Amino acid sequence: MIGTGYVGLVTGACLAEVGNDVLCLDVDARKIDILNNGGVPIHEPGLEGMIQRNAAADRLRFTTDVDAAVAHGSLQFIAVGTPPDEDGSADMQYVLAAARGIGQRMTDAKIVVDKSTVPVGTADRVKAAIAAELKARGSSLAFAVVSNPEFLKEGAAVDDFMKPDRIVIGADDDHAIAAMRTVYAPFQRNRERLLVMDVRSAELTKYAANAMLATRISFMNEMANLADELGADIEHVRHGIGSDPRIGYDFLYPGVGYGGSCFPKDVKALQHTATQHGRPLKILDAVEAANDAQKLRLVEKIVARMGEDLGGRTFALWGLAFKPNTDDMREAPAREIIAALVRHGARIAAYDPVAMAEAKRIYGDAPYMAYAATPMAALAGADALVIVTEWKEFRGQDLDAIRAELKTPLLFDGRNLYEPALVRAAGLEYFAIGRR
């Protein structure tokens, strides 16, 4: 498993869990040291115990030794990062470096699996990189390249891998397809979940899936903003359209926009690919623009109620991670909201169940940031409460206690966690997204 980031670590641990012998490779010695000492560098429910269990059984090991990693596996999974380049395209340098490393070192036949989210055509580039290295060595060793995109949700990745909705395999080599069927057989015992297709279709499937989900989010946010203007209640609208089986309820929750390491990056990368081929995706331009604006929607409500000058004001901010059950703050709406409030002169008292360490890494000792040990501690003396992430522990908070702690009874809810009538009954002014 080349790469021990989010995808590589979850994939490696889950494959070891069903009895495979997995060696995880990373060039980051610090990360490998953490893993070899029983730690886990990311927060993901269920992952730490799985890693420790399989490491103890010697089915899961970690190394910085590239030679050992290439020698170890007949299947070589590439699960390295593909960060966005300046033009929005996916940066392929780490994927191609991994491919070249395999080509330089392999001494027997290999099946190389692209697990990273990569643009259409990447498998061809990986195949060419390996072939070039073998040719330079005068070797004619056989190999195949497979596309096997991941469909893991941060915060539920272990469950997603162990109980997949679908397993997409893009390949044109019968031996490679048979090998992938064997690898994934333990994860589809009660029904067939494996979808075999050509490589380019598999590569496009991943981007299309994330683009569709991002589109639903931006669409619902736009509807919520319109509901604000029309005096409608977006929660009623959500039930009204979600009950249509052609639409369904998933990803129809309005809020402060999407973030994280996948949707923003993948939407940009798909736009770049489409533009390169003369087929720009106008709908994704709108999705991205709507999402950028939505991250500041709550700040607009705050300024409308409290004025442009927020100097001397302190805002209790609940939720820093881009979604619950993760400490990931990449592209998190909280970062945009904090930056905007600070530009208006405000100070922040922040709380998140698991992302506090990540926030301190990002903001350090910034004079405008304070870190609270509990949700209620963040409220002490604050001028308003701002809810950014829908952690479960925020849903059952005592509204009367919130009112008592706040200097002024203002609640700006970016995730529509509460019923407006109940909040108002507690004596709080309530500003949500599209709620009456």
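Scroll up a little and you will see the structure.
Residues numbered from 1 in each chain as written. Predicted model: local features only at pLDDT ≥ 70, side-chain atom pairs only at ≥ 80, totals over all residues. Heavy atoms only, no water.

Okay, the packing of helix α5 (residues 93-105) against helix α6 (residues 122-137) next. In contact at an axis separation of 8 Å, α5 and α6 are set at 35° when each is read in the N-to-C sense. Crossing handedness for the pair α5 and α6: right-handed. Facing V95, L96, A99, R100, G103, Q104 and R105 of α5, the residues of α6 in contact are T122, R125, V126, A129, I130, E133, L134 and R137. (Axes fitted to C-alpha atoms, helices over the stretch in contact; angles between N-to-C directions. Helix = DSSP H or I, 4+ residues; strand = E, 2+ residues; numbered from the N terminus. Left-handed = near helix turned anticlockwise from the far one by under 90°. Contact = heavy atoms within 4.5 Å.)

A few words now on the state of the cysteines. Enumeration over the complete set of coordinates arrives at zero disulfides. Free cysteine C24: the closest other cysteine sulfur is in C14, separated by 11 Å. Here C262 stays free of any disulfide, with the sulfur of C14 as its closest cysteine sulfur at 16 Å. (Disulfide = S-S within 2.5 Å.)

A few words on the side chain of E133. Looking at where E133 falls in the secondary structure, it is placed in helix α6. Buried charge E133 goes without a salt bridge, the closest partner of opposite sign being R100 at 4.8 Å. Excluding anything up to four places from it in sequence, E133 contacts R100, G103 and Q104. (Buried < 20%, exposed > 50% of the residue type's maximum accessible area, 1.4 Å probe, protein only. Lys, Arg positive; Asp, Glu negative; His and termini not counted. Salt bridge = Lys/Arg side-chain N within 4 Å of Asp/Glu carboxyl O.)

Moving on: a nonpolar patch on the surface. Together, F219, M223, L226 and L230 make up an exposed nonpolar region whose accessible area comes to about 380 Å². With a relative accessible area of 30%, M223 lands in the partly exposed category. (Patch = residues over 30% accessible without salt bridge, like charges linked within 9 Å, V, L, I, M, F, W, Y side chains within 5 Å. Areas by Shrake-Rupley, 256 points an atom, 1.4 Å probe, with all protein chains shown as cover.)

What follows deals with the pattern of salt bridges. Pairing between side chains of opposite charge can happen when their charged atoms approach one another. Enumeration over the complete set of coordinates arrives at 25 salt bridges. Among the salt bridges present, the one from E358 reaches R361, with a minimum N-O distance of 2.8 Å. Taken as a pair, E358 and R361 lie in helix α15 (residues 356-363) at a separation of three residues, close to a single helical turn. Relative accessible area serves as the criterion here: at 21%, E358 is assigned to the partly exposed category.

Okay, the environment of L411 next. Along the chain, the position of L411 falls in strand β12 (residues 410-413). Here L411 falls in the buried class, since its relative accessible area comes to 0%. Between the alpha carbons of L411 and D352 there is a distance of 17 Å; along the sequence they are 59 residues apart.

Another aspect to go through is helix α14 (residues 333-343). Those residues of α14 lying buried are P333, A334, I337, I338, A340 and L341. Taken around the axis of α14, the buried residues stretch over an arc of 165°, which confines them to a single face. Looking at the packing, one finds that the buried side of α14 touches α13 (297-306), β8 (314-318), β9 (347-351), α15 and β10 (369-371). One or two positions beyond α14, positive phi appears at G345, with a value near 100°. (Arc of directions from axis to C-beta.)

Our focus in this paragraph is the sheet that holds strand β11 (residues 384-387). Here we have six strands laid out as an open sheet, ordered β10-β9-β8-β11-β12-β13, and parallel in their pairing. The outermost strands of the open sheet, each flanked by one partner alone, are β10 and β13 (429-431). In this sheet, adjacent strand axes meet at a mean angle of 20° when their direction is disregarded. Each of β8, β9 and β10 touches α14; the most contacted strand, β8, lies at about 180° to it. Sheet contacts for α15: β9 and β10; angle to β10, the most-contacted strand, approximately 155°. (Pairing = 2+ DSSP bridges.)

What follows is about the packing of helix α9 (residues 199-230) against helix α10 (residues 234-242). At a closest axis distance of 9 Å, the pairing of α9 and α10 adopts a crossing angle of 135°. The angle between α9 and α10 places the two elements in the oblique class. For the element pair α9 and α10, the recorded crossing hand is right-handed. Contacts from M220, M223, A224 and A227 of α9 reach α10 at I234, R238 and I241. Among the residues making up the contact of α9 with α10, the classes are represented as six nonpolar, no polar and one charged. (Parallel < 35°, antiparallel > 145°, perpendicular 65-115°, else oblique. Nonpolar A, V, L, I, M, F, W, Y, C, P; charged D, E, K, R; others polar.)

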